[in-house]
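# Working through the structure, step by step
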Amino acid sequence: MFALRNPRRPRRRTAETEREAFAARVCAELADDLPDEDLAQDLDDCLDRYELGSKPRCEEVEYLELVQEAIDRIERGC
């Protein structure tokens, strides 16, 4: 028999769901900073698929730095 969850009692978040929620927030912030970009959920993929020289140099540097900073924030968890 299965126990029913009390709907008034919030579910405990596991460490994994908290990491996923944090990563989603970081990705959302990055999307706000780069509204014209089509960002994948996996930011490492964004860097892997990026073609150097496809943007003006100053925009390219900013884009790559912002994506890398977001990846680093997710890895650090802060």
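Residues numbered from 1 in each chain as written. Predicted model: local features only at pLDDT ≥ 70, side-chain atom pairs only at ≥ 80, totals over all residues. Heavy atoms only, no water.

### Some thoughts on the layout of surface pockets
- Of the volumes computed, that of the largest pocket is approximately 160 Å³.
- Lining the largest pocket we find Ala23, Cys27, Gln41, Asp42, Leu43, Asp44, Ile71, Ile74 and Glu75.
- Elements with a minimum of two residues in the lining of the largest pocket: α1 (15-33), α2 (43-49) and α3 (57-76).
- If one sorts the elements of the lining of the largest pocket by residue count, α3 sits on top with three residues.
- Considered class by class, the residues forming the lining of the largest pocket number five nonpolar, one polar and three charged. (1 Å grid on protein atoms, 1.4 Å probe; cavity = no way out; pocket = protein on both sides within 12 Å on 5 of 7 lines; lining within 4 Å. Points joined across faces, edges and corners; volume = space filled by probe spheres on them. Helix = DSSP H or I, 4+ residues; strand = E, 2+ residues; numbered from the N terminus. Nonpolar A, V, L, I, M, F, W, Y, C, P; charged D, E, K, R; others polar.)

### Brief notes about the side chain of Lys55
- Mapped onto the fold, Lys55 is located in the loop between α2 and α3.
- With near-sequence residues (within four places) excluded, Lys55 lies in contact with Glu37, Tyr50, Glu60 and Tyr63. (Contact = heavy atoms within 4.5 Å.)

### Points about the packing of α1 against α3
- Contact geometry for α1 and α3: axes closest at 10 Å, N-to-C directions at 165°. With respect to their mutual orientation, α1 and α3 come out roughly antiparallel. Crossing hand, α1 versus α3: right-handed. Of α3, the residues touching α1 (which contributes Phe22, Ala23, Val26, Cys27, Glu29 and Leu30) are Leu66, Val67, Ala70, Arg73 and Ile74.
- Along the lines of polarity and charge, the residues of the contact of α1 with α3 split into nine nonpolar, no polar and two charged. (Axes fitted to C-alpha atoms, helices over the stretch in contact; angles between N-to-C directions. Parallel < 35°, antiparallel > 145°, perpendicular 65-115°, else oblique. Left-handed = near helix turned anticlockwise from the far one by under 90°.)

### What about the pattern of salt bridges?
- Per the counting criterion, the structure on display carries three salt bridges.
- Here Glu29 and Arg73 are joined by a salt bridge, their closest N and O atoms 2.7 Å apart. Of this pair, Glu29 sits in helix α1 while Arg73 sits in helix α3; the two residues are 44 residues apart in sequence, bridging distant segments of the chain.
- The class for Glu29 is partly exposed, based on a relative accessible area of 38%. (Salt bridge = Lys/Arg side-chain N within 4 Å of Asp/Glu carboxyl O. Buried < 20%, exposed > 50% of the residue type's maximum accessible area, 1.4 Å probe, protein only.)

### Notes on the environment of Leu47
- Note on placement: Leu47 falls in helix α2.
- Overall, the relative accessible area of 24% leaves Leu47 in the partly exposed class.
- Put simply, Leu47 and Gln68 are 21 residues apart on the chain and 8.1 Å apart in space, counted from C-alpha to C-alpha.

### Describing the nonpolar core
- Leu30, Leu34, Leu43, Cys46, Tyr63, Val67 and Ala70 are the most contacted members of the largest nonpolar core, which has 13 residues in total.
- Going through the elements one at a time, α1, α2 and α3 are the ones with two or more residues in this core.
- Broken down by element, the residue count for this core peaks at five residues, all from α3.
- Excluding residues within four positions of it along the chain, Leu43 makes contact with Cys27, Leu30, Val67, Ala70, Ile71 and Ile74. (Core = buried A, V, L, I, M, F, W, Y, C linked by side-chain atoms within 4.5 Å.)

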